[in-house]
Amino acid sequence: MNAKRMIAMLLAALMLGSTLAACSDTPAETTDTGTTAVVETTPEVTTEPEETKIPSGLPEKMDLKGQTFTFYGKTETGVYAEEETGDKVNDVVFARNLALQEQYNFKIFQEKLKNQTNPTKDIQASIQAGDDTYQVLIDGPGNSLRNFVTNMLLVDMTTMKYQDFEQPWWFQELNDSVSLANKLYMTAGAFSLSARSWLYMVICNTELMKANGLNIADYYQMAYDGTWTNDEFIKMIKVGAADLNGDGVRDHNDRWGHLGEDYAGYCLAVGAGYMITQKDENDRPIVSAATEEGVILWDKLVNNIFANANNYLCIRNIKNVSSIWSEMTRMIQNDQAMTWITTLGNAYREYEIDYGILPIPKGSLDQESYYHTASSYNVPLMGVPITAKNLDEISFVLEAMAYTSYYDVLPTFYEDYLETKLVRDRESVDMLRIVHDTIVLDAGAVYGWGYYLNEIYKVVNTGTNTLVTFDASKKASTQKTIDTVIERVKAGNEG
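Before going into details, it helps to say that this report is about the structure given with it. Since the model is a prediction, treat every value here as computed from it, not as a measurement.

Conventions we followed
- Residues numbered from 1 in each chain as written.
- Predicted model: local features only at pLDDT ≥ 70, side-chain atom pairs only at ≥ 80, totals over all residues.
- Heavy atoms only, no water.
- Buried < 20%, exposed > 50% of the residue type's maximum accessible area, 1.4 Å probe, protein only.
- Helix = DSSP H or I, 4+ residues; strand = E, 2+ residues; numbered from the N terminus.
- Contact = heavy atoms within 4.5 Å.
- Polar contact = N/O pair within 3.5 Å; in protein donor to acceptor, adjacent residues only side chain to side chain.
- Core = buried A, V, L, I, M, F, W, Y, C linked by side-chain atoms within 4.5 Å.
- 1 Å grid on protein atoms, 1.4 Å probe; cavity = no way out; pocket = protein on both sides within 12 Å on 5 of 7 lines; lining within 4 Å.
- Points joined across faces, edges and corners; volume = space filled by probe spheres on them.
- Nonpolar A, V, L, I, M, F, W, Y, C, P; charged D, E, K, R; others polar.
- Pairing = 2+ DSSP bridges.
- Axes fitted to C-alpha atoms, helices over the stretch in contact; angles between N-to-C directions.
- Phe/Tyr/Trp six-rings, centres within 6.5 Å; stacked < 30°, edge-to-face > 60°.
- Lys NZ or Arg CZ within 6 Å of the ring centre and 35° of its normal.

Some points on helix H10 (residues 262-271)
Next up, step 1: Within H10, ten of the ten residues are buried, leaving the element largely enclosed by the surrounding structure.
Next up, step 2: Residues Asp262, Tyr263, Ala264, Gly265, Tyr266, Cys267, Leu268, Ala269, Val270 and Gly271 constitute the buried set of H10.
Next up, step 3: Each element contacted by the buried residues of H10 is listed here: helix H9 (230-237), helix H11 (292-306), strand E11 (339-342), helix H15 (443-446) and helix H16 (452-462).
Next up, step 4: A distance of 2.8 Å separates the backbone nitrogen of tyrosine 263 from a side-chain oxygen at the start of H10, and that oxygen is part of glutamate 261.

Notes on the environment of cysteine 267
Next up, step 1: Its place among the elements puts cysteine 267 in helix H10.
Next up, step 2: Residue classification places cysteine 267 among the buried positions, given a relative accessible area of 2%.
Next up, step 3: Remark: the alpha-carbon pair of cysteine 267 and methionine 201, spanning 66 residues in sequence, is separated by 8.4 Å.
Next up, step 4: Non-local contacts of cysteine 267, meaning those with residues more than four positions away in its chain, are made with Tyr200, Ile341, Ile360 and Thr373.

Some thoughts on the nonpolar core
Next up, step 1: Met236, Trp298, Leu344, Leu358 and Leu398 are the most contacted members of the largest nonpolar core, which has 157 residues in total.
Next up, step 2: A per-element tally of this core places helix H13 (residues 391-419) first, with 14 residues.

Points about the layout of surface pockets
Next up, step 1: Computed from the structure, the second largest pocket encloses a volume of approximately 440 Å³.
Next up, step 2: Along the walls of the second largest pocket sit 20 residues, with Tyr200, Glu261, Trp325, Thr342 and Thr343 positioned nearest its centre.
Next up, step 3: Elements with a contribution of two residues or more to the lining of the second largest pocket: helix H12 (324-333) and E11.
Next up, step 4: No other element matches H12, which puts four residues into the lining of the second largest pocket.
Next up, step 5: The residue makeup of the lining of the second largest pocket, split by class, is twelve nonpolar, seven polar and one charged.

Structural notes on helix H4 (residues 141-150)
Next up, step 1: Of all ten residues making up H4, eight are buried, and the element is well covered by its neighbours.
Next up, step 2: Once H4 ends, the next one or two residues include methionine 152, with phi positive near 55 degrees.

Quick look at the sheet that holds strand E3 (residues 67-73)
Sheet strands pair via backbone hydrogen bonds, and the direction of the pair is either parallel or antiparallel.
Next up, step 1: An order of E4-E3-E5-E13 is seen for the four strands of this open sheet, with the pairing classed as mixed. The open sheet has two free edges, formed respectively by strand E4 (106-112) and strand E13 (381-383), since each of these has just one partner strand. Averaged over all pairs of adjacent strands, the angle between their axes in this sheet comes to 25 degrees, without regard to strand direction.
Next up, step 2: Taken together, the seven bridges between E3 and E4 define a ladder with parallel strand orientation.

A word on the packing of aromatic side chains
Next up, step 1: Tallied over the entire structure, the rule returns 26 aromatic pairs.
Next up, step 2: Measuring from centroid to centroid gives 5.6 Å for tyrosine 219 and tryptophan 228, while their planes differ by 85 degrees, and the two rings are edge-to-face.
Next up, step 3: Under the relative-accessibility criterion, tyrosine 219 is labelled buried at 7%.
Next up, step 4: For tryptophan 228, a relative accessible area of 0% puts it in the buried group.
Next up, step 5: Ring centres of phenylalanine 413 and tyrosine 417 lie 5.0 Å apart, and the angle between their planes is 85 degrees; on these two criteria the pair is classed as edge-to-face. Here the residue phenylalanine 413 and the residue tyrosine 417 both occupy positions in helix H13, the gap between them amounting to four residues, near one helical turn.
Next up, step 6: Among the residues examined, tyrosine 417 registers a relative accessible area of 5% and is labelled buried.
Next up, step 7: Here the aromatic cluster, defined as three or more aromatic residues joined through ring pairs, consists of Trp169, Tyr403, Tyr406 and Tyr407.
Next up, step 8: We note lysine 53 situated over the ring of tyrosine 407; from NZ or CZ to the ring centre the distance is 5.3 Å.

Below is the structure:
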């Protein structure tokens, strides 16, 4: 990056830091006693010509006494950048951190997992030993975080001083998904860029669509209008298949309307509003995997997609290859799949095919929102260990990072998708915003209760809906397990 651009970026970030303070509701002054005193004053009014920014709600002045706030766990690119590299996203994260650190006198650091194969072991040992080395933990909810929640090793973030989870710089629907008894132990915010990379979406080979009389622009319009549904998706994938080698055997040597795997099939159901557990009025998860509506949905998906050997190939059923994932990549790059559901990884920059992005389709036209889920094992969420000291300061740093990222980092993040050719058109950026703004997680999948998700994998892989019989044998014991966790959460909060 040249010097002029670097200075401009830093100035922009510093101005944003000033805006954060100017938008404050509760300015503060520091004392020389080592504590931070908040003084109520009339907030300064600022005018934003391009957009009206929501006030941050943070104190105008805060001296964090040079403290270092360490994020430990999975790498989250939106949290920390060691230095400027010329990569736009990296550099705007670096500039954001530099501005905040200079304004509030603290340091941000990110440390990677030491034990990649068993992250729970090291982190849990650290917490149970009372170690205050790490202020924030980052991991997949289905890896270590769910164990920390059920063992009461994380702070209820709704009790933290500065967090305002009603604001758009936090993932509100995700929070509603993973909370238990109105307590929130893990979350993601506007700085959670890596979390966005783990979201599943529909990817389409636009040239194959065109060859089959379909126009991606029509589907973009459906997505904008809220009319992109499973019915449209099913019609779409019926026209993409072909027996390329003419041997009469439908396999990985042919072309398919839809190429998928078990978790992607589950994502289709979540997009239609399906959850293994639904919440009651007390935020208690209730097993709902085989409700009447759920069974009807799965019957529809099985009959029209997963059991349809003409339109759909599940990669789990590919035989005689060294890696089904490598074979899936080969098929996609070889124009053998018109659609597939996956995350948008960096490897797509090198793909020579033309592709577009669509949201996961709705279940019906009367569904109010699209829903998108991520890998419940791998999507990096964050939690604060109960051993963390100075919770108010941690709370301030997290809120300030989320707020500034919402107005500064995210616009650069989306522009980078286009400029680096990870997406190929402006409409796909719009589709990504829809995907990222509608993230949910299924508590039943996150916590692994009753192994329902494993049974769903079997349904997708075999094309046989066994959820009713499975639910009959598992529902009561699974609900008992959930209720035990809820009672433990309540007791822990009261204590």
